[in-house]
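# Understanding the architecture of this molecule
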Amino acid sequence: GLRAAHDVTFRSRVITATVAAAAIAVILAAFASYLTTRNAILNSVDESLKQASQITKAVGDEHRVMGAFYEIVLPTGTTSPASNVPIDQTITSVAKGQSKQVIRTITFAGQSYRELIVPLPKDSLVSCVTTVVCTIPTTSAELFLIDITGQVNELKRLSTTLLFVAAGGLLLAFGLGLFLARQALHPLEKVTNEIENVTLTNDLQYRLAEGDNDELGRLRRG
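Reference entry: report on the structure contained in this document.

To continue, consider the sheet that holds strand 1 (residues 69-73). Taken in spatial order, the five strands make up an open sheet running 2-1-7-4-3, and their pairing is antiparallel. Pairing within the sheet leaves two strands with one partner each, and these edge strands are strand 2 (79-80) and strand 3 (102-108). One ladder, built from five bridges, connects strand 1 with strand 7 (residues 140-147); its direction is antiparallel. Bridge pairing in strand 7 places phenylalanine 69 opposite leucine 145.

See the structure below:
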């Protein structure tokens, strides 16, 4: 009974070590896959926002901004054109010239957006509603938005998929760990049984087969 308990304990340790190693590998792979996809998506959107910023500066026409919403934000928080985009302290801080360029993800009205806030110096020329261009006598900020709700939803689906894949990988690792533990411990269990039989019968004439030139063979010869 004690030997069996020891066998179970040792076998459990082998299985646990195998499953733990596989779990770490699966989790790291899933996490890396998610981060790689997320970074690729956000980098693509960020590049579009930066291109939109450069086009606006070069052309002075918000209608040329590639799929991005565009507005000017004054230090007071007033926007042109008026919109329902939330203006918080981060944006006004950039408009006041107190902060550098900011790029971030925001959520409002149930949608997700990637937002680029670009500081503008005093007396900048910008597109206006009344005229082609006008001068802003104070510091201000350009605000660009791109709707990324679709991309965020794709990332959520990806995370769910990776969760199921990781769970399946762990189950497979457990099954393989159990199989490998049985295969690896079977020769050791056979040697243990032979040694116990010699101990119980006091048959000093019995000799264990030498076996291969490995650890079990050394144990048999010992």
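With that settled, the discussion passes to the nonpolar core. As a rule of thumb, nonpolar side chains are buried together in soluble globular proteins. By size, the foremost hydrophobic cluster in this structure holds 15 residues, and its most contacted members are Leu49, Ile72, Phe144 and Ile146. Secondary-structure elements contributing two or more residues to this core are helix 1 (2-59), strand 1, strand 4 (111-120) and strand 7. Non-local contacts of leucine 49, meaning those with residues more than four positions away in its chain, are made with Ala68, Ile103, Arg114, Glu115, Leu116, Phe144, Leu145 and Ile146.

Judged by how many residues are buried, strand 1 sits mostly within the fold: four of five residues are covered. As paired elements, strand 1 and strand 2 share two bridges and run antiparallel to each other. Opposite isoleucine 72, over in strand 2, you have serine 80 as the bridge partner. Connecting the antiparallel pair strand 1 and strand 2 is a turn made up of five residues, with glycine 77 showing a positive phi of about 100 degrees.

Another point: the packing of aromatic side chains. Counted according to the given criterion, the structure contains two aromatic pairs. Relative to phenylalanine 144, the ring of tyrosine 70 has its centre 5.1 Å away and its plane inclined at 40 degrees; by these criteria the two rings are tilted. A residue pair is termed long-range when its members are at least 10 positions apart, and tyrosine 70 in strand 1 and phenylalanine 144 in strand 7 qualify at 74 residues. On the basis of an interplanar angle of 15 degrees and a centroid distance of 4.7 Å, the ring pair of phenylalanine 108 and tyrosine 113 is categorised as stacked.

The rules behind the values
- Note that residues are indexed from 1 along each chain, following the sequence as it is written.
- Under the rules for a predicted model, residues below a pLDDT of 70 receive no local features and side-chain atom pairs below 80 are neither given nor counted, while totals for whole chains, interfaces and linings still include all residues.
- For side-chain calculations, the full set of non-hydrogen atoms in the structure is used, while hydrogens and water are omitted.
- Here, a strand pair is defined by DSSP locating no fewer than two bridges between the strands.
- Secondary structure elements are taken from DSSP: a helix is a run of H or I of four residues or more, a strand is a run of E of two residues or more, and numbering for both begins at the N terminus.
- By convention a nonpolar core is built from buried Ala, Val, Leu, Ile, Met, Phe, Trp, Tyr and Cys residues, the set being connected through side-chain atoms within 4.5 Å.
- Partly exposed residues are those whose accessible area sits between 20% and 50% of the maximum for their type, while under 20% is buried and over 50% is exposed, using a 1.4 Å probe and protein chains only.
- Any two residues having at least one pair of non-hydrogen atoms within 4.5 Å are treated as being in contact.
- For Phe, Tyr and Trp, where Trp contributes only its six-membered ring, two rings pair if their centres lie within 6.5 Å, and the inter-plane angle classes them as stacked under 30 degrees, edge-to-face over 60, or tilted in between.

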